[in-house]
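Coordinates in review
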Amino acid sequence: LPPTANHAWLSAIVETAMDAIVITDEQQRIVFANRAVGRVFGWPPDELLGRPLDVLLPDTARERHTVHVRRFGTEGVATRLMEA
């Protein structure tokens, strides 16, 4: 996207958000992480790029997450509870 006022505005919102914002590609590899990721998960955002999303999940949730992603890919089901 070309840098526009809207793009700069949205980028500022994402980078200053109190919540961790993570974007993945189709293979569940992290392609973006905002600054709050460091505070929430303890990872510097630049060190997450290219890593699988499940590095941010507790061990007890990884298998359920994998099952959910597989189900979403085949059935389009997007809601679930994430319990630790």
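Here goes a summary of the coordinates provided. (Residues numbered from 1 in each chain as written. Predicted model: local features only at pLDDT ≥ 70, side-chain atom pairs only at ≥ 80, totals over all residues. Heavy atoms only, no water.)

**Considerations on the overall build of the protein**
When helices and strands are tallied, the protein shows four helices and two strands. Per-residue burial over the protein gives 14% buried out of 84 residues. Expressed as a percentage of contacts within the protein between residues at least 6 apart in sequence, the contacts between residues at least 24 apart total 12%. In the structure as shown, the protein presents an accessible area of about 6,300 Å², 59% of it carried by carbon and sulfur atoms. (Helix = DSSP H or I, 4+ residues; strand = E, 2+ residues; numbered from the N terminus. Buried < 20%, exposed > 50% of the residue type's maximum accessible area, 1.4 Å probe, protein only. Contact = heavy atoms within 4.5 Å. Areas by Shrake-Rupley, 256 points an atom, 1.4 Å probe, with all protein chains shown as cover.)

**Let's talk about the pattern of salt bridges**
If you walk through the whole model with that rule in mind, you get two salt bridges. In this structure, Arg-35 and Glu-15 form a salt bridge, with 3.2 Å as the shortest nitrogen-oxygen distance. Taken together, the positions of Arg-35 in the loop between strand S2 (30-33) and helix H2 (36-41) and Glu-15 in helix H1 (residues 5-16) put the pair 20 residues apart, joining distant regions of the chain. A relative accessible area of 56% means that Arg-35 is categorised as exposed. The exposure class assigned to Glu-15 is partly exposed, which follows from its relative accessible area of 23%. Ionic pairing is found between Asp-59 and Arg-62, a salt bridge with its closest N-O pair at 2.9 Å. Here Asp-59 and its partner Arg-62 are both found in helix H4 (residues 59-75), three residues apart, which amounts to about one turn of the helix. Given the relative accessible area of 29%, Arg-62 is considered partly exposed. (Salt bridge = Lys/Arg side-chain N within 4 Å of Asp/Glu carboxyl O.)

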